[in-house]
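Next come the chains, spelled out residue by residue.
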Amino acid sequence: EKAGFDHFMLKEIYEQPKAYRDTMGARLDPSGTKVVLDEVKMSKEQIGAIRNVHIVACGTAYHAGLVGKSVIEKLARIPVEVDVASEYRYRSPIITPNTLVIVVSQSGETADTLAALREAKRNGARVVAITNVVGSSVAREADDVIVTWAGPEIAVASTKAYTSQLIAFYLFGLYLAQALETQDAAAVAEIVAHLKELPEKVERILEQAEAIKEWAEQVSTHDNLFFIGRGLDFAVAQEGSLKLKEISYIHSEAYAAGELKHGTLALIEEGIPVIALAIQDDLFEKTVSNIKEVKARGAHVFGLHTEGETELAKSVDQVFEIPHTLPLLSPALSVVPLQLLSYYASLARGNDVDKPRNLAKSVTVE
Ligand code: BG6
């Protein structure tokens, strides 16, 4: 059942190209230029009436929501807030009938997320669910359901469900943009064209797994490290850090690269590994200057950059190249080496990769 892989997690990492293709599937118009989301039954008027969006989820799904916020704000120009479900319910969120609430849950059974969904509905909001399980509680209670066709995810640490959630956000963001006409047809077509290229680009990253395994073996001897990045790179850094903690039990912290000097830089000492994401073109120079700050204090920097970029290598100790895509889509690529990093670090430490201590795949208590 592991199809020749040593662990479900590795199998699921390698299933991502298929999960991307299946999640996009028939939702891309045959003309290849727009998105068709028939499962979302909102009229143009209803979409036009949305004043704000709340994305609510737990764990890895919350991290997908951080990317979702950028996607919706950029494509549809609607303000978005993202909350951890267990916080959302108790902070008296301002939910009106013009609020669209998006809940994200692989299992569709997470108690905190379900409670947040009910709170949203009680306040008259429309709820869209992004879930991997057809007929789950979240799917049944939401107004609209966007299913991620990742297939069953067995490993506790989520990989293909997370990336399929990203694809769902891209599709939904484009769907809103089409209805609101916040992006012209050419811009939509360009994004769709890049979306279609993602699976093959993930395959290219997977072909270089051996290089990440070497990084992981170095990292696995440390007890503390940092992930840094800006913008969407920071969102991915947070997911990379969570993944590493979940299964390797190495403590790490994800930091917005520009925020380091406001405190965390005090923790950078000789030899500490820093995983630096410098994928976002427009933020590249800024991130490089933050990398120099940690290098100057003795950090060993593992840098992720876009292929063709030659500058980063000069400022870091080791580099890994991500195929080029639109900056907005880059999380669907840059998270893959971080998944492999945590997998191989967990393996190097002799942990039970698929069943990390103290964690459950789906938490149905609050
Ligand atoms: C946690 C799992 O308890 O629940 C995480 O260990 C997961 O891996 C989180 O991301 C949310 O789960 P779900 O099913 O709501 O996406």
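Parameters and conventions
Residues numbered from 1 in each chain as written. Predicted model: local features only at pLDDT ≥ 70, side-chain atom pairs only at ≥ 80, totals over all residues. Heavy atoms only, no water. Salt bridge = Lys/Arg side-chain N within 4 Å of Asp/Glu carboxyl O. Helix = DSSP H or I, 4+ residues; strand = E, 2+ residues; numbered from the N terminus. Buried < 20%, exposed > 50% of the residue type's maximum accessible area, 1.4 Å probe, protein only. Expected span 1.5 Å × (residues − 1). Bend = angle between axes of the 7 residues up to and from the residue. Phe/Tyr/Trp six-rings, centres within 6.5 Å; stacked < 30°, edge-to-face > 60°. Lys NZ or Arg CZ within 6 Å of the ring centre and 35° of its normal. Near = heavy atom within 4 Å. Polar contact = N/O pair within 3.5 Å; in protein donor to acceptor, adjacent residues only side chain to side chain. Areas by Shrake-Rupley, 256 points an atom, 1.4 Å probe, with all protein chains shown as cover. Pairing = 2+ DSSP bridges. Axes fitted to C-alpha atoms, helices over the stretch in contact; angles between N-to-C directions. Contact = heavy atoms within 4.5 Å. pLDDT = per-residue confidence, 0-100. Parallel < 35°, antiparallel > 145°, perpendicular 65-115°, else oblique. Nonpolar A, V, L, I, M, F, W, Y, C, P; charged D, E, K, R; others polar.

Asker: What is the right way to read the pattern of salt bridges from this model?
Answerer: Think of it this way: side chains of opposite charge can pair up when their charged atoms draw near. All chains considered together, the criterion is met by 23 salt bridges. A salt bridge links Asp 317 to Lys 295; the shortest N-O distance between them is 2.9 Å. Residue Asp 317 is found in the loop between β9 (300–306) and β10 (318–322), and its partner Lys 295 is found in helix α12 (residues 284–295); the two are separated by 22 residues along the sequence. What makes Lys 295 partly exposed here is its relative accessible area of 28%. Salt bridges linked by common partners bring Lys 11, Glu 15 and Lys 160 together as one network.

Asker: Where do I start with helix α9 (residues 185–206) in this structure?
Answerer: Since the α-helix turns once every 3.6 residues, residues separated by three or four places project in the same direction. Along its 22 residues, α9 runs 33 Å from first to last C-alpha, staying within 8% of the 32 Å computed at 1.5 Å per residue. In α9, a bend of some 35 degrees at Leu 198 exceeds every other bend along the element, and Pro 199, a proline, comes one to four places later. Turning to α9, its buried residues are Val 188, Ala 189, Ile 191, Val 192, His 194, Leu 195, Leu 198, Pro 199, Lys 201, Val 202, Ile 205 and Leu 206.

Asker: What exactly am I supposed to notice about the packing of aromatic side chains here?
Answerer: By the definition in use, this model includes five aromatic pairs. Seen in terms of ring centroids, Phe 5 and Tyr 14 are 5.3 Å apart; in terms of plane orientation they differ by 35 degrees. Their pairing is tilted. The class of Phe 5 is partly exposed, set by a relative accessible area of 26%. Taken together, a centroid distance of 6.2 Å and an interplanar angle of 75 degrees make the contact between Trp 215 and Phe 320 edge-to-face. In this pair, Trp 215 is assigned in helix α10 (residues 209–219) and Phe 320 in strand β10, connecting sequence segments 105 residues apart. The same class applies to Trp 215 and to Phe 320, which are both buried. The rings of Trp 215, Phe 302 and Phe 320 are connected pair by pair, giving a single aromatic cluster. Sitting over the face of the ring of Tyr 249, Arg 357 holds its NZ or CZ atom 3.8 Å from the ring centroid.

Asker: I keep staring at the site of the ligand and nothing clicks. Help me out?
Answerer: Neighbouring the ligand are 13 residues, the closest being Ser 105, Gln 106, Ser 107, Thr 110 and Ala 360. A distance of 3.0 Å separates an oxygen atom of the ligand from a polar atom in the backbone of Thr 60. Here an oxygen atom of the ligand sits 2.9 Å away from a polar atom, N or O, in the main chain of Ala 360. Protein contact buries 90% of the 390 Å² of open area that the ligand shows by itself.

Asker: Explain the sheet that holds strand β4 (residues 126–131) to me, please; I cannot follow it from the model alone.
Answerer: Within a sheet, each strand pairs with its neighbour through backbone hydrogen bonds, oriented either parallel or antiparallel. Pairing is parallel across the open sheet formed by five strands, whose spatial order is β2-β1-β3-β4-β5. Two strands lie at the open edges of the sheet, namely β2 (80–84) and β5 (144–147), each paired on one side alone. The average angle at which neighbouring strand axes cross in this sheet is 20 degrees, direction not considered. Two elements, β4 and β5, share four bridges in a ladder whose sense is parallel. When the bridges of β5 are listed, Thr 131 appears paired with Val 147. Where helix α4 (residues 59–76) meets the sheet, it contacts β1 (52–57), β2 and β3 (99–105), and its direction lies at approximately 175 degrees from that of β2. Running at roughly 155 degrees to β3, helix α8 (residues 160–180) makes contact with β1, β3, β4 and β5 of the sheet.

Asker: In this structure, what is going on with the sheet that holds strand β6 (residues 224–229)? I would like to understand it.
Answerer: Reading across from one edge, β7-β6-β8-β9-β10 is the order of the five strands in this open sheet, with parallel pairing throughout. Edge positions in the sheet fall to β7 (251–256) and β10, since each of these pairs with one other strand and no more. Pairwise comparison of adjacent strand axes, ignoring direction, gives a mean angle of 20 degrees for this sheet. For strand β8 (residues 273–278) and β9, the ladder comprises six bridges, and the chain directions are parallel. When the sheet's bridge partners are listed, Ala 278 is paired in β9 with His 305.

Asker: Which parts of the structure should I look at to understand the confidence of the model for the protein?
Answerer: In regions of low pLDDT, the predicted coordinates are not meant to be interpreted in detail. Averaged over the protein, the pLDDT score is 96; the fraction of residues at 70 or greater is 100%. Here the predicted complex scores 0.98 on pTM and 0.98 on ipTM.

Asker: Looking at this structure, how should I read α12?
Answerer: Spanning twelve residues, α12 covers 16 Å between terminal C-alpha atoms, matching the ideal 16 Å at 1.5 Å per step. All buried positions along α12 are accounted for by Phe 284, Thr 287, Val 288, Asn 290, Ile 291, Glu 293 and Val 294.

Asker: What's the story with the packing of α4 against helix α11 (residues 232–248) in this structure? I'm lost.
Answerer: Working note: a packed helix pair is described by the angle between its axes plus the distance between those axes. It is at 9 Å that the axes of α4 and α11 come closest, and there the two elements cross at 175 degrees. Regarding the angle of α4 to α11, the classification is roughly antiparallel. Note on element contacts: α11 touches α4 through Leu 232, Ala 235, Gln 238, Glu 239, Leu 242 and Lys 243, opposite Gly 59, Thr 60, His 63, Leu 66, Val 67 and Ser 70. Among the residues forming the contact of α4 with α11, the class breakdown is five nonpolar, five polar and two charged.

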